[in-house]
Amino acid sequence: MKRIAVAGNPNSGKTCIFNNLTGSNQRVGNYAGVTVEFTEGTSKFGGEKVQVIDLPGTYSLTAYSQEEVVARDFIIEEKPDVVVNVLDGSNLERNLYLTTQLLELNVPMVLVLNMYDIVEKKGLSIDTDLLGELLGVKVVKAIASKRVGMDDIKAACLETILEDKKPREMSYPHELEEIIPALRKSVCCHKEISQHYNPLWFTIKLLEDDKIIMEKFNKYSDIENIKTELEKAKDHLMRHSGEDANTAVVEARYAFVNGAYKEVHRSSKVEQKMLTNIIDSIVCHKFLGWGVLIGAIYAMFHIVFEISGEINWIPTGGGEWTSPVGLFEMFFDLLSSYGELIEIPWLQSLVVDGIIGGVGGVMGFIPLIFFMFLFLSFLEDSGYIARVAFILDRVLRTFGLQGKSILALIVSGGIPGGCAVPGIMATRTLREEKDRLVTILVTPFMNCGAKMPVYGVLIAAFFPNKKGLLISMLIFLSWFFALLSAAFLRKFIVKGEQTPFVMELPLYHMPTFRGVLMDTWHRTWMYIRKAATIILAINVILWAMMYYPRMDTSKFDAQREKLSSNFVIEAAKTEFAELFKSDNYEENLETIAGHEDEDLKKVAEDAEPTLKIAAALNKETVQKGVKIIEDYKEELAEINNLEAEAVQAYTFAGRLGRGLEPVSQLAGFDWRDNIALIGGFAAKEVIVSTLGTAYSMGEVETDDTSSLSERLQADETWSPIRAFAMMIFVMVYAPCFVTIAAIKKETESWKWAGFSMVYSTTVGFVLAVIIYQVGSLLF
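Residues numbered from 1 in each chain as written. Predicted model: local features only at pLDDT ≥ 70, side-chain atom pairs only at ≥ 80, totals over all residues. Heavy atoms only, no water.

> Can you help me understand the overall build of the protein chain in this one?
If you tally the helices and strands in the protein chain, you get 37 helices and 11 strands. For the protein chain, the residues scored as buried account for 53% of the 779 residues in total. If you take every contact in the protein chain between residues at least 6 apart in sequence, the share linking residues at least 24 apart comes to 72%. Here the protein chain displays about 35800 Å² of accessible surface, and carbon together with sulfur accounts for 58% of that area. (Helix = DSSP H or I, 4+ residues; strand = E, 2+ residues; numbered from the N terminus. Buried < 20%, exposed > 50% of the residue type's maximum accessible area, 1.4 Å probe, protein only. Contact = heavy atoms within 4.5 Å. Areas by Shrake-Rupley, 256 points an atom, 1.4 Å probe, with all protein chains shown as cover.)

Here's what the structure looks like:
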């Protein structure tokens with residue numbers, strides 16, 4: 001099967017073209033030896049099935065970041081049949097720098113000038129025929145957002161493969177042309193190197209002192225001749241031009257790009273003033289930009305909560321309507337009702353409480369997660385997220401972080417809905433190791449998508465009328481804590497100079513519905529897959545810890561039996577002796593007690609005999625009977641609650657939770673909260689499911705389908721202060737196991753992974769204690 005690699009700058013529309021070529025035939029994987037994710041898919045090119053690989057977006061193929069190394073290593077090692085080099089046609093000159101490095105690799109290539117509609121809106125044009133002649137490749141105009149040019153790309157790729165068409169070699173200034181031939185010849189003479197690498201490309205990498213290539217080069221044998229020629233070349237260049245070889249090579253590429261751009265670039269007398277410039281004058285303004293940012297975030301989450309859980313817009317039959325979240329709750333309630341038919345107690349508890357109650361609590365937030373990702377994808381594809389990075393860069397540098405740290409923080413949940421794992425992976429674009437390490441350590445402070453269900457439950461319970469305000473506050477606080485933490489780490493733990501930051505602000509454009517929907521589905525599916533695998537496994541383990549060992553409850557059975565006997569004796573002494581013999585005595589009494597005295601006869605006319613007895617009595621007497629029943633139910637509930645608490649305290653989880661309670665109660669957390677938070681070390685989504693299990697297991701009324709929010713709200717030990725302290729702790733404390741593994745992978749050290757766990761948990765607990773203690777004194 002032929003293989004096509006798609007390469008290009010970030011924001012060039014590379015992935016959009018990849019999606020158009022492959023459709024839904026995609027899978028996500030990792031490159032061998034690293035954790036850089038890639039996407040590959042299949043497509044039909046002229047009736048022939050081909051494999052298409054989406055390489056990491058990168059501005060160059062220099063060994064500054066893992067993305068750059070992975071992209072070039074794939075081309076060198078895997079040798080794709082064609083590289084589709086996607087360029088932003090409206091920023092041609094900048095995008096051509098990557099093209100020069102692909103030319104040096106001498107790989108079959110098709111050049112795609114994407115966003116050509118923007119080129120034309122600017123009043124520009126590009127001579128694609130001339131550009132193709134200059135580079136020796138086929139050039140295609142495309143508008144990926146409108147799927148324009150996709151067939152031309154496929155045809156160009158097939159022609160390039162059939163013709164075995166190679167691009168022209170790069171031309172260099174005379175000072176480089178004087179030294180390259182001799183060094184290139186010595187490389188060609190080394191059989192092992194010349195068989196594995198393109199000699200010209202390897203020669204250029206030696207002149208650049210490419211770190212990775214130099215390490216590989218020094219491992220070869222018989223390289224003395226190449227080393228001699230390399231030293232001669234560098235000395236010659238320094239004597240004649242006063243420049244080091246690396247600088248000379250970079251300047252040569254830019255000179256080639258500049259010359260090619262001037263040759264093919266055409267413009268009208270008056271270029272149109274772009275809408276992007278007008279919008280940026282507002283959204284990138286040093287004052288107005290912050291207002292737009294805060295408003296955009298607040299509006300996004302307000303709309304997301306309204307659509308997903310507040311507004312009933314989905315019909316359920318019989319003239320009833322519900323919200324997406326309500327629909328999921330109805331579905332899992334139905335599953336629970338079937339699970340309760342299981343007669344084996346432990347199996348019923350496993351199915352209803354451990355599986356349906358646990359995973360169902362997490363899956364119930366799928367609508368919220370879906371709509372959140374939908375809005376986030378829209379903002380990313382429109383170009384606004386890059387502006388967010390630009391605005392926040394001014395602040396981050398004050399706290400000792402590099403500008404590109406913004407991208408990792410945003411991906412991790414700077415705008416909630418992200419994930420710390422890809423955020424930590426995004427730090428590979430940072431060239432300075434100390435900048436990278438600090439960014440990795442504060443990245444988990446961001447509000448990842450897994451924390452949002454926890455916020456959702458607590459906000460719905462204690463701040464139902466201030467959802468947008470609370471979410472905005474949590475976003476602000478996550479940035480505040482992360483920045484303060486970064487400043488602390490920079491000053492006392494990880495010291496070093498900052499490196500300069502340069503980033504691209506792409507043109508604004510309307511995202512495609514298909515592209516946004518595909519990206520939203522991929523992110524949501526990752527959430528669902530995690531809920532159906534990791535969270536399910538963890539929740540079953542936690543259920544077992546909360547169910548076993550089983551204690552002897554005979555003393556509570558005896559208390560209930562005694563209470564029931566006392567109730568029967570007490571009832572027999574009243575005017576209701578006959579009435580209490582009816583199975584419906586409780587309903588009958590409440591019915592009578594709810595009517596005025598003059599209506600009693602009317603109520604009793606069509607009633608059963610026992611009800612007529614009650615109707616014959618006056619209202620005060622009936623209310624006395626109701627009071628007897630209420631007292632009985634209250635005492636019975638107290639016995640049941642004591643039993644449930646004792647049963648849970650007797651389990652493995654209860655013992656562990658109670659062991660931590662003397663310390664955790666400083667922050668307002670009881671032993672049930674402790675178990676949920678311990679589960680959060682494995683995955684933050686587990687917190688909601690475990691709380692649901694802890695606050696529902698052992699209840700007498702198994703048909704109670706009230707939500708976790710309602711149960712917490714009804715619990716007298718909970719308060720808004722405790723809920724807020726819990727949210728702050730969840731925000732800051734140790735990241736999940738998957739994130740810890742990613743930290744270890746990226747830092748190549750368990751030391752920093754362990755430090756992240758201890759540091760984050762300590763900071764989170766101190767903050768929670770301060771909030772709870774101070775809040776309890778003030779309110």
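There's more to say after this.
> Can you help me understand the pattern of salt bridges in this one?
Side chains that carry opposite charge are capable of pairing whenever their charged atoms lie near each other. Going through the model one piece at a time under the given rule, you end up with 18 salt bridges. For the salt bridge of Arg-560 with Asp-557, the shortest nitrogen-to-oxygen distance reads 2.6 Å. Of the two residues, Arg-560 and Asp-557 are both situated in helix α26 (residues 554-572); the distance of 3 residues between them amounts to about one turn of the helix. It is possible to trace a salt-bridge network through shared partners that takes in Asp-670, Arg-672, Asp-673, Asp-715 and Arg-722. (Salt bridge = Lys/Arg side-chain N within 4 Å of Asp/Glu carboxyl O.)

> What's the story with the packing of aromatic side chains in this structure? I'm lost.
When we look at a pair of aromatic rings, we describe it by the centre distance and by the angle of the planes. Considering all chains together, one arrives at 21 aromatic pairs under this definition. The structure contains a cluster of three or more aromatic residues connected by ring pairs, namely Phe-445, Phe-488, Phe-492, Trp-752, Phe-755 and Tyr-759. Over the aromatic face of Tyr-650 sits the side chain of Arg-655, whose NZ or CZ is 4.8 Å from the ring centroid. The ring of Trp-718 is capped by Arg-722, whose NZ or CZ atom sits 4.1 Å from the centre of that ring. (Phe/Tyr/Trp six-rings, centres within 6.5 Å; stacked < 30°, edge-to-face > 60°. Lys NZ or Arg CZ within 6 Å of the ring centre and 35° of its normal.)

> Where do I start with the packing of helix α22 (residues 433-442) against helix α36 (residues 737-747) in this structure?
The relative placement of two packed helices comes down to the angle between their axes together with the axis-to-axis distance. In the contact formed by α22 and α36, the axes pass within 11 Å of each other and the chain directions differ by 175°. Taken together, the axis directions place α22 and α36 in an arrangement best described as roughly antiparallel. Contact residues: Arg-436, Leu-437 and Ile-440 in α22; Ile-743, Glu-746 and Thr-747 in α36. Of the residues contributing to the contact of α22 with α36, the split by class is 3 nonpolar, 1 polar and 2 charged. (Axes fitted to C-alpha atoms, helices over the stretch in contact; angles between N-to-C directions. Parallel < 35°, antiparallel > 145°, perpendicular 65-115°, else oblique. Nonpolar A, V, L, I, M, F, W, Y, C, P; charged D, E, K, R; others polar.)

> How should the nonpolar core be read in this particular structure?
The nonpolar side chains of a soluble globular protein tend to be buried with one another. Leu-458 and Met-727 are the most contacted members of the largest nonpolar core, which totals 85 residues. Leave out the neighbours within four places in its chain, and Met-727 touches Tyr-455, Leu-458, Ile-459, Phe-463, Leu-470 and Leu-474. Judged by nonpolar contacts, the second largest core, of 61 residues, contains Ile-76, Leu-87, Leu-124 and Phe-202. (Core = buried A, V, L, I, M, F, W, Y, C linked by side-chain atoms within 4.5 Å.)

> So what exactly am I meant to see when it comes to unusual backbone geometry here?
Residues other than glycine predominantly adopt negative phi, and peptide bonds predominantly adopt the trans conformation. Residue Pro-549 is reached from Tyr-548 by a cis peptide bond, and omega for that bond is -10°. Tracing the sequence through the fold places Pro-549 in the loop between α25 (513-547) and α26. Backbone geometry at Asp-209 places phi at a positive 55°, although glycine is not the residue there. Relative to the assigned elements, Asp-209 resides in the loop between α10 (199-208) and α11 (211-217). Taking relative accessible area as the criterion, Asp-209 reaches 42% and is therefore assigned partly exposed.

> What exactly am I supposed to notice about the confidence of the model for the protein chain here?
Predicted coordinates in areas of low pLDDT are best not read in detail. Considering every residue of the protein chain, the mean pLDDT works out to 83; 84% of them sit at 70 or more. Per-residue pLDDT stays below 50 along residues 29-35; that stretch engages in 23 contacts with residues further than four places along the chain or on separate chains. (pLDDT = per-residue confidence, 0-100.)

> I would appreciate a short explanation of the packing of helix α35 (residues 720-732) against helix α37 (residues 750-778) in the present structure.
For the pair α35 and α37, the least separation of the axes is 8 Å and the interaxial angle reads 165°. Considered as vectors, α35 and α37 are oriented roughly antiparallel to each other. In the crossing of α35 with α37, the sense of the turn from one axis to the other is right-handed. Across from Ile-721, Arg-722, Phe-724, Ala-725, Ile-728, Phe-729 and Val-732 in α35, the residues of α37 making contact are Ser-760, Thr-761, Val-763, Gly-764, Phe-765, Leu-767, Ala-768, Ile-771, Tyr-772, Gly-775 and Ser-776. (Left-handed = near helix turned anticlockwise from the far one by under 90°.)

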